[in-house]
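Commentary on secondary and tertiary structure
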Amino acid sequence: MTSPLFSEVHRFPRVHLRGVCPAARPFVAARLSREQQGPLLWLLPDERSAEQAAAALRFFLPAPEADPADPFTAPFAHFPLHQSSPYEDLSPDRTATAERLAVLFRIRQGAVPPLLVASAPAMMRLGLSRASMEACSHLILVGQDLDRQLFAQDLDRAGYLNVPLVEDPGQFAIRGGILDVFSPLLPKPLRIELLGDEVESIRIFDPESQRTLASSDSAYLGPVQEILLSEETRTAVLERVDALAARLDLPS
């Protein structure tokens, strides 16, 4: 677990502006992101300020019409803070976690958003390492072989939920030769159709109407949880729990 963005953004120059009133800051940030050579990080003191800034930027930087299977076209990104620590009893907000991982995936694929909005607490929250991110990310191509059972296991390890009907990011469903997956990287879910073990088609569909919106020859799938337990990690955790229980004279 590492602080996810500091290692990525320290390479870029800083922009110092003084005397800009709060109401004008989203406009200035949007203008700078269009003219600045290289990505721009807008760091705010708390999550509420970051959410308000992101809402204002949706007006100044509307998303262009683009391929719905392309996760790298949004003109800006919000790196949110889920309100619970991964070490607390409460489960983290899955939506916020998926959004955080989508931003990290985009950065680590070399497609840094022109403008990134984040709060200081969000930047300080631990996240997945580069190695863990890459180990749980997949590029699906039309024509490749795909083992349904192994694919379902990979999605489960990456934090996806197996559901009867895909409606929200971080879910997947398998019905015969049809695999529905809602990647947090994309605004709409994917429908992967298999012919035997070969990927015959990849379509983007509306989860409400089930209508096909577009087709693609490739699709990216990234993790949806910030804590990923491989078999090696599970074994190590269980061994440490057993050792701690024995030391405290508690039933393991």
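Residues numbered from 1 in each chain as written. Predicted model: local features only at pLDDT ≥ 70, side-chain atom pairs only at ≥ 80, totals over all residues. Heavy atoms only, no water.

Structural notes on the overall build of the protein
When helices and strands are counted, the protein shows eight helices and eleven strands. Burial statistics for the protein: of 252 residues in total, 41% are counted as buried. When the accessible surface of the protein is summed, it comes to about 14200 Å², and 53% of that surface belongs to carbon and sulfur atoms. (Helix = DSSP H or I, 4+ residues; strand = E, 2+ residues; numbered from the N terminus. Buried < 20%, exposed > 50% of the residue type's maximum accessible area, 1.4 Å probe, protein only. Areas by Shrake-Rupley, 256 points an atom, 1.4 Å probe, with all protein chains shown as cover.)

Considering unusual backbone geometry
Its identity as a non-glycine residue notwithstanding, Q210 has a phi of 70 degrees, on the positive side. Structurally, Q210 is set in the loop between β9 (198-205) and β10 (212-216). On the accessibility criterion, Q210 (29% relative accessible area) is partly exposed. In this model, D249 sits at a positive phi of 60 degrees, which is unusual for a non-glycine residue. Along the chain, the position of D249 falls in the segment after α8 (231-247). Look at D249 and you get exposed, because its relative accessible area is 69%.

A look at the pattern of salt bridges
Counting across every chain of the model gives five salt bridges. The partner of R31 in a salt bridge is E35, with the nearest N and O atoms 2.6 Å apart. Of this pair, R31 and E35 both sit in helix α2 (residues 25-35), separated by four residues, roughly a single helical turn. Given a relative accessible area of 43%, R31 falls into the partly exposed group. (Salt bridge = Lys/Arg side-chain N within 4 Å of Asp/Glu carboxyl O.)

A few points about the packing of aromatic side chains
Scanning the model with the defined rule gives three aromatic pairs in all. Where F27 meets F60, the ring centres are 5.8 Å apart and the plane angle is 65 degrees; that geometry is what we call edge-to-face. With F27 in helix α2 and F60 in helix α3 (residues 47-60), the pair connects residues that are 33 residues apart, well separated along the chain. In this structure F60 comes out as partly exposed when scored by relative accessible area, which is 26%. Here the guanidinium or amino end of R191 rests over the ring plane of F205, the centre of that ring lying 4.1 Å away. (Phe/Tyr/Trp six-rings, centres within 6.5 Å; stacked < 30°, edge-to-face > 60°. Lys NZ or Arg CZ within 6 Å of the ring centre and 35° of its normal.)

A few points about the sheet that holds strand β3 (residues 115-119)
Read across the sheet, three strands follow the order β1-β3-β2 without closing on themselves; strand pairing throughout is parallel. A strand with exactly one partner marks an edge of an open sheet, and here the two such strands are β1 (40-44) and β2 (76-79). For this sheet the average axis-to-axis angle between neighbouring strands, irrespective of direction, equals 20 degrees. The strands touched by α2 within the sheet are β1 and β3, with β1 carrying the most contacts at an inclination of about 160 degrees. Helix α4 (residues 94-108) contacts β2 and β3 of the sheet and is inclined by roughly 130 degrees relative to β2. (Pairing = 2+ DSSP bridges. Axes fitted to C-alpha atoms, helices over the stretch in contact; angles between N-to-C directions. Contact = heavy atoms within 4.5 Å.)

Let's talk about the side chain of S137
Here S137 shows up in the loop between α6 (130-135) and β4 (138-141). The residues contacting S137, other than those within four sequence positions of it, are F105, L221, G222 and P223.

What about the environment of V199?
Within the fold, V199 resides in strand β9. Taking the C-alpha atoms as reference, V199 lies 5.6 Å from Q144; in sequence the two are 55 residues apart. Sequence-distant contacts of V199, defined by excluding residues within four places in its chain, comprise I140, L141, V142, G143, Q144, L146, I192, E193 and L194.

Here we look at helix α7 (residues 148-157)
Along α7, the residues that are buried comprise F151, A152 and L155. Seen from one end, α7 has its buried residues packed into an arc of 100 degrees, which puts them on one side. Against the buried residues of α7 lie β4, β6 (171-175), β7 (178-181), β8 (190-195) and β11 (218-221). One side-chain oxygen of the residue at the start of α7 lies 3.0 Å from the amide nitrogen of Q149, identifying that residue as D147. (Arc of directions from axis to C-beta. Polar contact = N/O pair within 3.5 Å; in protein donor to acceptor, adjacent residues only side chain to side chain.)

Structural notes on the pairing of β9
Summarising the sheet, β8 and β9 pair through six bridges and their orientation is antiparallel. Bridged to L195 within β9 is E198. Hairpin connection from β8 to β9: two residues lie between these consecutive antiparallel strands, with G196 at a positive phi of about 70 degrees. By the bridge criterion, four bridges tie β9 to β10 in an arrangement that is antiparallel. Along β10, the bridge assignment pairs R203 with S215. Taking the residues between adjacent antiparallel strands as the criterion, β9 and β10 are bridged by six residues, where Q210 takes a positive phi near 70 degrees.

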